[in-house]
Structures are given as C-alpha cells and as structure tokens.
Amino acid sequence: MKSNKIHEGRSSTAFNIFNIVLMCVMMLLVLYPIYYMMIVSVSNSTAVMTGQVRFLPVGFHLDVYRQFLTDPYFLTTYRNTAIITIMGTTINIFMSTLCAYPLSRRDFYGGKVITGFVTFTMFFSGGMIPTYLLVNKLGLLNTYWSVVLPGAINVFNMIIMRTSFQGLPVELNESAYIDGANDLQILWKIVLPLSKPILATMVLFYAVAHWNGYVHAMLYFTDKNMYPIQLYVRSLVLSGMTEMTSLSMELTTGADAFNVAQRSIQYGVIIAATLPILLIYPFISKYFEKGVMIGSLKG
C-alpha cells in the first residue's frame, strides 16, 4: 500500500512537472512574438538590419512611437476604435442581458421555442450583401451605428449568459416576489450583482471583438476619417505603408534602411493597437475563468 502511494506521488509529481514545462513553452511561443515586435520598434535601425536584436533592444529610442503618436490620422483611428468599442460593448451587454434573462426563467412561456429560433441564427443568416443593403437603406453608412447594431447580440455569448443565470437559485426569485419585487427589480438588484463573473467575461469577449474588428468597417465606411485602428494597421501591413512612407524616409535612408524602418513602424503601431486590451485583461482576469466555467456547467 505504501509503495503504491509513493508510486502515485511520483507519477503525480512527474505529470505536474511535465504540465508546467509544457505551459511555459507555450507561454514563450505566444509572448515572444509580441516581445520581439516591441524590442524591434524601440531598437536602432542599424542593429535591426544587422540582426543584432534578439532578446534585448539595441540602441533604445522611442522615435517610432513619437512619430506615429503625433500623427493626426493615427489618433483619429484610435478615437474611432475607442468609441466603437464602448458603444458596441454597452449595447451588446444590454441586449444580451435582456435576451438571456427571460430565456433563463423556467416559467417563461415558449422559452424553448424562442431559444431554438435564436440558436438557428447562429448557423443561418441573411448574408453579407443583404445585411449591407439593409444598413444602406437605414441610412447608417459612415456612422458608428453601422458597425455596432448588426451584431448587437452574439448568440453564443447570450447562451453562456443564459446558462449562468439558470445556475442561480430559484428561491431567490421566489423570495423577491414575496417581498413585492418585479422582474426588472429582480434582474437589476439580484441577478446582475450575483453575475459579475459572467458579465466581466462577456465584457472582455465583446470588447476584444470590437477592438480587433475591421471587416464591418471595411464594408460600411467609405470615409477614412471613420476608420478604426485595425484598418490603419492593415493599411500599414498590407499596403506598403502608403500613409507612412514619408515618415519612414524621415527616419532612415537607403532601401534596406527604409524596409527596416517600415517594419519598426509596423511593429510599433501593432503594439500600440494591442496595448489597451493587454492592460484591461489583468483587471478582469480574476472573473474570467470563473465566468466561463459557470456558463459551461449546463446546456
């Protein structure tokens, strides 16, 4: 018996060590590209061109960031993305909550049928062209509404919220009814305060989707002053930095040096575009795992 326990203890320890090593390797594979882009963006162009930049920046400077952070167009796209993210996430949480709460109630008449219709839209939709025609007919082109209203509810996220609401004790609702509360009061004063983990998770999901989104903006924006930051990044990466060519020439001279400066600016803009999400995540990470697990316990 004792030898079996010792064997099990050693096996468990070996398994834990293997998991730790594997997770560390995966973490490095994910983080190193981001770290490399950061150190290239703050390194000397000559050092980058000669391959000296590996793990630490060489010839540290912030010229790249100083240049594009003072670019009015970059600041405009950053502002547009912030507005779209705040507007879109607020609408998403509001609409998803109003849809998830009644569907989570076991006494809601026709709830299963409505859930079936809602789930149907996950697999079948009108398509890109009909949606564009509808947005155009509503006069929403070149407005923030065109990118936040068509996706007001993500069905998958709504179902996770509904499942989380279903996990709350039914006795809470019954007690509130006895005390004279109505459904809106129960939702606002009982359900939502007890659902902070799932709400924080949904805020993260929706905010990341809006911050990183660019397809709807490509479809519905013809005015470049309405572009979000991701279209700005896309133009740098895919279009040869048409907006930033003069900036690159200011930083360096020569074809090779120009390509290096071009890459440094691209990396710098990518880091600047990713930074807000990276900064927000630690503040809601304590709710993230719990919220996902709560929403996945029941179907």
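These lines cover the structure that appears in this document, whether it is placed above or below. Because the structure is predicted, anything quoted here is derived from the model rather than measured. (Residues numbered from 1 in each chain as written. Predicted model: local features only at pLDDT ≥ 70, side-chain atom pairs only at ≥ 80, totals over all residues. Heavy atoms only, no water.)

1. A few points about the pattern of salt bridges
So, step 1. A full pass over the atoms with the stated rule returns two salt bridges.
So, step 2. Close ionic contact of Arg105 with Asp107 constitutes a salt bridge, the shortest N to O distance being 3.2 Å.
So, step 3. Taking relative accessible area as the criterion, Arg105 reaches 13% and is therefore assigned buried.
So, step 4. Arg105 is the partner of Asp183 in a salt bridge, and the nearest nitrogen-oxygen pair spans 3.1 Å. (Salt bridge = Lys/Arg side-chain N within 4 Å of Asp/Glu carboxyl O. Buried < 20%, exposed > 50% of the residue type's maximum accessible area, 1.4 Å probe, protein only.)

2. With respect to the nonpolar core
So, step 1. Core analysis: the largest hydrophobic core is formed by 38 residues, its most contacted members being Phe68, Phe74, Phe221, Ile229, Tyr232 and Val269.
So, step 2. Those elements that provide at least two residues to this core are helix H1 (2–41), helix H2 (45–49), helix H3 (63–69), helix H4 (72–104), helix H7 (145–148), helix H12 (215–220), helix H13 (229–238) and helix H15 (255–294).
So, step 3. Considering each element in turn, this core owes the most residues, seven residues, to H15.
So, step 4. Every residue in contact with Val269, bar those within four places of it in the chain, is listed here: Phe68, Phe74, Tyr232, Val233 and Leu236.
So, step 5. With 21 residues, the next largest nonpolar core counts Ile93, Tyr101, Ile160 and Tyr206 among its residues. (Core = buried A, V, L, I, M, F, W, Y, C linked by side-chain atoms within 4.5 Å. Helix = DSSP H or I, 4+ residues; strand = E, 2+ residues; numbered from the N terminus. Contact = heavy atoms within 4.5 Å.)

3. Thoughts on helix H11 (residues 196–212)
So, step 1. Taking 1.5 Å as the rise per residue, H11 with 17 residues should run 24 Å; its terminal C-alpha atoms sit 24 Å apart, in good agreement.
So, step 2. Every buried residue of H11 is accounted for by Pro197, Ile198, Leu199, Ala200, Thr201, Met202, Leu204, Tyr206, Ala207, His210 and Trp211. (Expected span 1.5 Å × (residues − 1).)

4. Notes on the packing of aromatic side chains
So, step 1. Under the criterion given, the structure shown has eight aromatic pairs.
So, step 2. Pairing Phe120 with Phe124 gives two aromatic rings, centres 4.9 Å apart and planes at 25°, and the pair type is stacked.
So, step 3. An aromatic cluster of three or more residues is present, and its members are Tyr73, Phe74, Tyr78, Trp211 and Tyr232. (Phe/Tyr/Trp six-rings, centres within 6.5 Å; stacked < 30°, edge-to-face > 60°.)

5. As for the environment of Glu174
So, step 1. Relative to the helices and strands, Glu174 is located in helix H9 (residues 170–178).
So, step 2. For Glu174, a relative accessible area of 45% corresponds to the partly exposed category.
So, step 3. For the pair formed by Glu174 and Ile186, sequence separation is 12 residues and the distance between their alpha carbons is 9.9 Å.

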